[in-house]
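# Analysis of the macromolecular model
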Amino acid sequence: MPNILEILKEPNPLLRKKTNEIKETQFGSAGILELVKSMKETLRQAQGAGLAANQVGKNLRLFVAEVEGKFYAVANPKVVKTSPKTVLMEEGCLSVPGVWGLVERPESVEIEGRNQFGKKIKIKARGLLARVFQHEIDHLNGVLFIDKATFLKNVSQNVI
Ligand code: ZN
């Protein structure tokens, strides 16, 4: 059964740690499959677009994302291509509630990684999906959007 996991908030030190690669023997294990299910439920309940494993207290290179009705679970992700064109877009984060800011990032990216079973995957993404992938991969490197954002603002009420 998937569990709703606690989402760590800044300044929890795990959010600032570069996460560990998932090992070959861990793919397809009950632990990883359960974690993906629980992260999916947690993401949906929080009404977010992406969630990294270290945001729920697991020191693993794994994120989930759900954009335009499509769900992704990516382990050991790497950005292999970025567009020279960048765009400025507003971002928020489940670990930094109530704060929004403009972040400049490549408009499109290509990422490689594994799914939860260890199968190699390659995804080309643009727009919001490319944005979410880059934000989540930053998390796995201990980087938060507030490190990159300009025009940070705090909304008076937490909307997420
Ligand atoms: Zn985030």
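Here we summarise the structure given alongside this text. Only a predicted model underlies this, so the values are computations on that prediction, with no experimental measurement involved.

### What to know about the coordination of the zinc ion
Only Cys93 (SG), His135 (NE2) and His139 (NE2) from the protein reach the zinc ion as donors, at distances of 2.1 to 2.3 Å. Each donor residue of the zinc ion belongs to the same chain, with the gaps between them written as C-x41-H-x3-H. Placement of the pair is Cys93 in the loop between β4 (86-91) and β5 (99-106) and His135 in helix α2 (residues 127-140), with a sequence separation of 42 residues. A residue is classified by how much of its surface remains accessible, and His135, at 8% relative accessible area, is buried.

### Details of the sheet that holds strand β7 (residues 120-126)
The five strands are arranged β1-β2-β3-β6-β7 in an open sheet whose pairing can be described as antiparallel. Of all the strands in the sheet, just β1 (50-52) and β7 have a single pairing partner and so form its edges. Put simply, the sheet's adjacent strands are angled 40° from each other on average, direction ignored. Taken together, the six bridges between strand β2 (residues 62-67) and strand β3 (residues 70-82) define a ladder with antiparallel strand orientation. When the sheet's bridge partners are listed, Val64 is paired in β3 with Ala73. Sheet strands in contact with helix α1 (residues 30-46) are β1, β2 and β3, and its direction is about 45° off that of β2. Its contacts with the sheet place α2 against β1, β2, β3, β6 (108-114) and β7, and it is angled at close to 160° to β2.

### Observations concerning the environment of Gly92
Looking at where Gly92 falls in the secondary structure, it is placed in the loop between β4 and β5. With relative accessibility at 22%, the residue Gly92 sits in the partly exposed group. Between the alpha carbons of Gly92 and Pro2 there is a distance of 25 Å; along the sequence they are 90 residues apart.

Basis of the calculations
Residues numbered from 1 in each chain as written. Predicted model: local features only at pLDDT ≥ 70, side-chain atom pairs only at ≥ 80, totals over all residues. Heavy atoms only, no water. Donors = N, O, S within 2.8 Å, 3.2 Å for Na, K, Ca; no water. Helix = DSSP H or I, 4+ residues; strand = E, 2+ residues; numbered from the N terminus. Buried < 20%, exposed > 50% of the residue type's maximum accessible area, 1.4 Å probe, protein only. Pairing = 2+ DSSP bridges. Axes fitted to C-alpha atoms, helices over the stretch in contact; angles between N-to-C directions. Contact = heavy atoms within 4.5 Å.

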